[in-house]
Amino acid sequence: HLLHLQGRPSQEQGITPSLAGKIVHAAIAAWERSGSQGDIAALFENAFAQETRGVALGHASEKIRTRMLEDLRRFVENEGQWRQTYLTRLDPSYVEREFNFPLELPDGTRVTITGRFDRVETVSASGESGGGVRLDGAGGDIGLAVDFKYKTKHFTKKVVEEVKDGTEYQVPVYLLAMQHLGLRPAGMELYNLRGKPKRAGVLEQSLKGHTLVPEKYVGILTSVREVMASGHENMTEAAREIRNGRIAVEPANTDRCKKGPHGCDFYDLDRKSVV
């Protein structure tokens, strides 16, 4: 990234996991904007054609294409059962919604955190929760951020410890971004789409009855305020160190540190530069 290197041309790579995820995200966004009424197969074909323009597609790519469409059909079927678990609603204004919010550093400098939601589901903050518990006077609707992941690896409960350690930022960033947009953060979930769809994440303990029907939650029930505070502290420190010139080679995930079509495009350069 620092050297602005481009890697192998995309047409030489076929459908990479990254490209597959981009296609699936585009198809789902179009489906959601249609009011969840569009033909997912047609929307997928359109997204696939646009995103693979100029990419050489072989037999392996056709197998991946078939699998993606099957996963999207399972997703749509799963969405039809949404109300059996969630009390939230899909807000079209928060589909693929970009956000940015300021981060104040100790020296008074302000940096900006930017990103984009795949989806934010909302529920009215007025009245009582589904469990009959009166909500406090916090303004704004309640928001539940959902991030689509086109992979088989599911959410794990160690994410809260990773937030505290400063190795996980997505969860606190999404929570802080919802707060900045005027929503009351109820939590953030990952929505895995490979194979059988599954949702799990971090949910505010006190808002469980207002966002879910009464049942055991498969994710983590905790204080999102504490998660946001830990993330804010770690992001502030990381930004301060970056501005002070700290440079280090510390890959958080070494799964792609290998040669091959699903490895690192800059494998040889990285090895030489690290040595």
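Worth saying up front: this structure is predicted, and the values here are computed from it rather than measured.

Trainee: Pulling in residues and values, what's your account of unusual backbone geometry?
Mentor: Although it is not a glycine, Ser36 adopts a positive phi angle of roughly 60°. Tracing the sequence through the fold places Ser36 in the loop between α1 (17–33) and α2 (40–51). The phi dihedral of Glu96 is positive, around 55°, even though this residue is not glycine. By the secondary structure assignment, Glu96 is in the loop between β1 (89–90) and β2 (98–104).

Trainee: Talk me through the packing of aromatic side chains; I want residue IDs and the actual numbers.
Mentor: Under the definition given, this model contains nine aromatic pairs. Between Phe99 and Phe117 the ring centres are 4.8 Å apart and the planes differ by 45°, which places this aromatic pair in the tilted class. Of the two residues, Phe99 sits in strand β2 while Phe117 sits in the loop between β3 (110–116) and β4 (119–123), which places them 18 residues apart along the sequence. Taken individually, Phe99 and Phe117 each receive the classification buried, so the pair is uniform in this respect. Taking 5.2 Å as the distance between ring centres and 80° as the angle between the ring planes, the aromatic pair formed by Phe117 and Tyr174 counts as edge-to-face. In this pair, Phe117 sits in the loop between β3 and β4 while Tyr174 sits in helix α5 (residues 170–180), placing the two residues 57 residues apart along the sequence. An aromatic cluster is present here, built from Trp31, Phe75, Phe148 and Tyr191 joined pairwise through their rings. The ring of Phe48 is capped by Arg65, whose NZ or CZ atom sits 5.8 Å from the centre of that ring. Its guanidinium or amino end placed over the ring of Tyr86, Arg199 lies 3.8 Å from that ring's centre, counting from NZ or CZ.

Trainee: Quick rundown of the layout of surface pockets? Include the residues and the values.
Mentor: Put simply, the second largest pocket is a space of about 450 Å³. Lining the second largest pocket are 18 residues, and of these Asn78, Thr85, Tyr86, Lys198 and Arg199 sit closest to its centre. Every element with two or more residues in the lining of the second largest pocket is listed here: α3 (59–79), β6 (184–192) and β7 (198–204).

Trainee: An account of the environment of His232 is needed here, citing residue identities and associated values.
Mentor: Here His232 is to be found in helix α7 (residues 224–243). Given the relative accessible area of 34%, His232 is considered partly exposed. Those residues in contact with His232 that lie beyond four places of it in its chain are Leu103 and Leu176.

Analysis parameters
- Residues numbered from 1 in each chain as written.
- Predicted model: local features only at pLDDT ≥ 70, side-chain atom pairs only at ≥ 80, totals over all residues.
- Heavy atoms only, no water.
- Helix = DSSP H or I, 4+ residues; strand = E, 2+ residues; numbered from the N terminus.
- Phe/Tyr/Trp six-rings, centres within 6.5 Å; stacked < 30°, edge-to-face > 60°.
- Buried < 20%, exposed > 50% of the residue type's maximum accessible area, 1.4 Å probe, protein only.
- Lys NZ or Arg CZ within 6 Å of the ring centre and 35° of its normal.
- 1 Å grid on protein atoms, 1.4 Å probe; cavity = no way out; pocket = protein on both sides within 12 Å on 5 of 7 lines; lining within 4 Å.
- Points joined across faces, edges and corners; volume = space filled by probe spheres on them.
- Contact = heavy atoms within 4.5 Å.

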